[in-house]
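# Fold and contact review
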Amino acid sequence: MAIYKAGTNVVVGTGNAFESEHSPGTEAPYAGIYACVSCGDEIGIAKGHVLPAQNHAQHAPGLGAIRWKCLVYAQQKS
């Protein structure tokens, strides 16, 4: 679970960023924190970087396919 210190640094959001699941080896659509929906392992990743593959360290083989879901994303100023 993502942890933060000051509530003034984060806000509750809604939208597609939090609904979509992403396959390993695809580009992260947002910079932020993603979690594997099967094992709960979390990663921080930059937008456009490739999400980790099937062999990421915390995922046991019996848990099923790795699917990444965005938990927190970094909002960029326009």
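In the block above lies the structure referred to throughout.
The following refers to the structure shown. These numbers come from a predicted model, not from an experiment. (Residues numbered from 1 in each chain as written. Predicted model: local features only at pLDDT ≥ 70, side-chain atom pairs only at ≥ 80, totals over all residues. Heavy atoms only, no water.)

What follows is about the layout of surface pockets. Space inside the largest pocket adds up to approximately 420 Å³. For the lining of the largest pocket, the class distribution of residues is 11 nonpolar, 4 polar and no charged. (1 Å grid on protein atoms, 1.4 Å probe; cavity = no way out; pocket = protein on both sides within 12 Å on 5 of 7 lines; lining within 4 Å. Points joined across faces, edges and corners; volume = space filled by probe spheres on them. Nonpolar A, V, L, I, M, F, W, Y, C, P; charged D, E, K, R; others polar.)

A word on the pattern of salt bridges. Under the definition given, this model contains 1 salt bridge. With a closest N to O distance of 3.7 Å, Arg67 and Glu21 form a salt bridge. Highlighted residues: Arg67 in the loop between β3 (42–45) and β4 (68–73) and Glu21 in strand β1 (residues 21–22), separated in sequence by 46 residues. Among the residues examined, Arg67 registers a relative accessible area of 26% and is labelled partly exposed. (Salt bridge = Lys/Arg side-chain N within 4 Å of Asp/Glu carboxyl O. Helix = DSSP H or I, 4+ residues; strand = E, 2+ residues; numbered from the N terminus. Buried < 20%, exposed > 50% of the residue type's maximum accessible area, 1.4 Å probe, protein only.)

To continue, consider the nonpolar core. In terms of nonpolar packing, the biggest core is built from 9 residues, these being Ala28, Tyr34, Cys36, Ile43, Ile45, Leu51, Ile66, Trp68 and Cys70. Counting residues per element, the ones that place at least two in this core are β2 (32–36), β3 and β4. With near-sequence residues (within four places) excluded, Ala28 lies in contact with Tyr34, Ile45, Ala46, Lys47, Gly48, His49 and Leu51. (Core = buried A, V, L, I, M, F, W, Y, C linked by side-chain atoms within 4.5 Å. Contact = heavy atoms within 4.5 Å.)

A separate point is the pairing of β2. Most of β2 is tucked away, with 4 of its 5 residues classed as buried. Relative to β3, β2 runs antiparallel, the two sharing 4 bridges. Following the sheet pairing, Gly32 is matched in β3 by Ile45. Taking the residues between adjacent antiparallel strands as the criterion, β2 and β3 are bridged by 5 residues, where Gly40 takes a positive phi near 85°. Alignment of β2 against β4, held across 5 bridges, turns out to be antiparallel. Of the residues in β4, the one forming a bridge with Cys36 is Trp68. (Pairing = 2+ DSSP bridges.)

What is shown is where atoms sit, not what they do.
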